[in-house]
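Letter by letter, the chains look like this.
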Amino acid sequence: MHKESIYVKNLLLTVIAPLMLACQSSGDKVESKFDLQPEVPEIHEMKITEVLKPIDMTFNGNYICMLHEEKAKGDQIYVFDPVSLHFLYSFAKRGSAPDETLALDFMKNLRGDSIDLIDQSNYKKLTYRLTPDSAVLVESKYLELPPLGPTQDAYWVNDSIMIFNTLDGSLLTYDDRSNQIIDRLSLAEFISDLPKDANKSVASFNFSIDGKQVFVGMRAFNELLKLGLDDDYRFIKDSILSLSADQINVDKISDNYNYFAFISGGKDNVLAQYYGRKAKELQPFPININGSNLKYDLIVLDDNLTPLHLYQTDSNILRAIMDEKRKRIYLIEAFEDFDTLKYIEYDK
């Protein structure tokens, strides 16, 4: 065999073998602990006329608000009619002015027709009243917090008590009227065999609430947790499940399985966005030759975490959000042009 042929053969083996391994690893999935028969749901669509790239949404009976991934200095919140999805207006410019934000997120639930925006970079909170024609700024303030890094998801427990999580694996309750932290819970404290510098990766979680019930989905563990708040909005700790990190590779996090990505809750139901694959499959090209694998299972449970439905779609989903009032699961897709809002209808 000529030297050139040997070289080409070795080169092909060098290139193709890792690709074959990558393709083989994509089928490696750990199912959830829930004994449910998968369902393939019908996907419904509503037309969207605005050009935007949504990364999250919140709603009430009067409005749907979508958080747009704005890269320049444009508006970040787009407001729609919840029935027709007719576009109403946009607001909340990206920037450093007093009424602008640089790293915008919002409280996941509305207080009446008021929406609260949080700048994750500096803890500025802007409260707007939504009307059919515009959003009216009614309050601007700063949360009085120590340097905790960017806040993550945040909810109103009631009109004055907030609950949110931080990157270090903590949950906090906060009194917005007295401007002080009520209680702080570190989930890392309930994980044994956990190196201190691995808190952010191994103790990572997402959560949602129903009143004083807190539903937590662990990303590194195949576990859904249900926590509670007492009458003073402090965490009830005696029922928290203990976990062990002894089987987790803390030196190479991407080699571990990723389980519960996001939780979306309501009064009667909880939606868990479940993955069950190696975390490295979430990485884009060229780490994965076919790009990120974002095909999640969508598990609907009751408020006692009894499973009811397991939906499987062929969509790459960035985030799924439950609309309990309309019995819908909205799908924010990852890679498609956003010209329709897709959703699944579910029953209890």
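Structure first, text after, so check above.
S.K.: So, the sheet that holds strand β6 (residues 87–93): which residues are in play, and what are the values?
M.R.: Reading across from one edge, β3-β4-β5-β6 is the order of the four strands in this open sheet, with antiparallel pairing throughout. Strand pairing shows two members of the sheet lacking a second neighbour, β3 (54–59) and β6, which therefore form its edges. Here the strands of the sheet are splayed against their neighbours by 25° on average, with no regard to which way each runs. Strand direction decides the pairing type here: β3 and strand β4 (residues 64–68), joined by five bridges, are antiparallel. Residue Phe59 lies in a different strand from β4, and its bridge partner there is Ile64.

S.K.: So, the layout of surface pockets: which residues are in play, and what are the values?
M.R.: Empty space within the second largest pocket amounts to approximately 630 Å³. What lines the second largest pocket is a set of 29 residues, among which Phe59, Lys108, Asn109, Gly265 and Gly266 lie closest to the centre. Taken together, the elements giving at least two residues each to the lining of the second largest pocket come down to β3, β11 (151–156), β16 (205–210), β21 (257–265) and β25 (317–323). Sorting elements by how many residues they give to the lining of the second largest pocket places β25 first, with five residues.

S.K.: Give me the side chain of Lys108: which residues, what numbers.
M.R.: By the element assignment, Lys108 lies in the loop between β7 (104–106) and β8 (114–119). On the accessibility criterion, Lys108 (12% relative accessible area) is buried. Within the local environment of Lys108, its side chain forms a polar contact with the side chain of Asp56, the two groups lying 2.5 Å apart. At a separation of 3.0 Å, a polar atom in the side chain of Lys108 contacts the side chain of Asp105. Apart from the residues lying within four places of it in its own chain, the contact partners of Lys108 are Asp56, Thr58, Asp153, Ala154, Tyr155 and Arg319.

S.K.: I'd like to hear about the pairing of strand β18 (residues 224–229), residue by residue, with values.
M.R.: Along β18, five of the six residues are buried, which leaves the element largely enclosed by surrounding structure. Where strand β17 (residues 213–218) and β18 come together, five bridges link them in antiparallel fashion. Among the inter-strand pairings, Val214 is bridged to a residue of β18, identified as Leu227. Hairpin connection, β17 to β18: the antiparallel pair is bridged by five residues. When β18 meets strand β19 (residues 235–236), the two strands line up antiparallel, connected through two bridges. Across the sheet, Gly228 pairs through a bridge with Ile236, a residue of β19. Counted along the chain from β18 to the antiparallel partner β19, the turn is five residues long, and its residue Tyr233 has a positive phi close to 65°.

S.K.: Now, about the packing of aromatic side chains: what can you tell me, with residues and values included?
M.R.: The tally for this structure, following the rule as stated, stands at eleven aromatic pairs. A ring pair is formed by Phe59 and Tyr330, whose centres lie 5.6 Å apart and whose planes are at 70°; its orientation type is edge-to-face. Placement of Phe59 in strand β3 and of Tyr330 in strand β26 (residues 328–333) is noted, with a sequence separation of 271 residues between them. Take Phe59: its relative accessible area is 16%, and that puts it in the buried class. When the ring centre of Trp156 is taken as origin, the NZ or CZ atom of Arg111, which lies over that ring, is 3.7 Å away. The side chain of Arg328 reaches across the aromatic face of Tyr343, ending 4.3 Å from its centre.

S.K.: Kindly report on the nonpolar core, identifying the contributing residues and their values.
M.R.: Counting 32 residues, the largest nonpolar core has Leu171 and Val216 as its most contacted members. Elements with a contribution of two residues or more to this core: β12 (161–166), β14 (180–186), β16, β17 and β18. Excluding its chain neighbours within four sequence positions, the residues that come into contact with Val216 are Leu171, Leu187, Phe205, Asn206, Phe207, Glu223, Leu224, Leu225, Leu227 and Ile263.

S.K.: Describe the sheet that holds β19, and please don't skip the residues or the numbers.
M.R.: Across the sheet, four strands lie side by side as β16-β17-β18-β19; this open sheet has antiparallel pairing. The sheet is open, and its two borders are formed by β16 and β19, each paired with just one other strand. Here β16 runs beside β17; their pairing, made up of six bridges, is antiparallel. Residue pairing for β17: Asn206 is matched across the bridge by Gly217.

S.K.: Give me the lowdown on the environment of Tyr63, citing residues and values where you can.
M.R.: By the element assignment, Tyr63 lies in the loop between β3 and β4. You can call Tyr63 buried: its relative accessible area is 6%. Sequence-distant contacts of Tyr63, that is, excluding residues within four places in its chain, are made with Thr58, Val79, Phe80, Pro82, Leu88, Asp113, Leu130, Thr131 and Pro132. A polar contact is formed between the side chain of Tyr63 and the backbone oxygen of Thr131, at a distance of 3.5 Å.

Conventions adopted
Starting afresh in each chain, residues are numbered from 1 along the sequence in its written order. The predicted origin of the model limits local features to residues at a pLDDT of at least 70 and limits the giving and counting of side-chain atom pairs to 80 or more, whereas totals for whole chains, interfaces and linings rest on all residues. With hydrogens and water set aside, each side-chain value is computed from the structure's full complement of heavy atoms. When DSSP finds two or more bridges between a pair of strands, those strands are recorded as paired. By definition, any uninterrupted DSSP run of H or I lasting at least four residues is a helix, any uninterrupted run of E lasting at least two residues is a strand, and each is numbered from the N terminus. Each axis is a line fitted through C-alpha atoms, taken for helices only over the stretch in contact, and angles between the N-to-C directions span 0 to 180 degrees. A pocket, in this scheme, is an open set of points on a 1 Å grid over the protein atoms alone with protein on both sides within 12 Å along at least 5 of 7 lines, while a cavity is a set where a 1.4 Å probe fits but cannot get out; residues line either one if an atom lies within 4 Å of a point. Grid points are joined across faces, edges and corners, and a volume is the space filled by probe spheres set on the points. Summary of the burial criterion: residues with accessible area below 20% of their type's maximum are buried, those above 50% are exposed, and those between are partly exposed, where the area comes from a 1.4 Å probe applied to protein chains only. N or O atoms within 3.5 Å of each other form a polar contact, as long as, within protein, one can give a hydrogen and the other can take it, and as long as residues adjacent in sequence are counted only when both atoms are side-chain atoms. Should any heavy atoms of two residues lie within 4.5 Å, those residues are considered in contact. Only Phe, Tyr and Trp rings are paired, with Trp represented by its six-membered ring, and only when their centres lie within 6.5 Å; those with planes under 30 degrees apart are stacked, over 60 edge-to-face, the remainder tilted. Charge-over-ring contacts are defined here by two conditions on Lys NZ or Arg CZ: a distance within 6 Å of the ring centre and an angle within 35 degrees of the ring normal. To form a nonpolar core, buried Ala, Val, Leu, Ile, Met, Phe, Trp, Tyr and Cys residues must be joined to one another through side-chain atoms within 4.5 Å.

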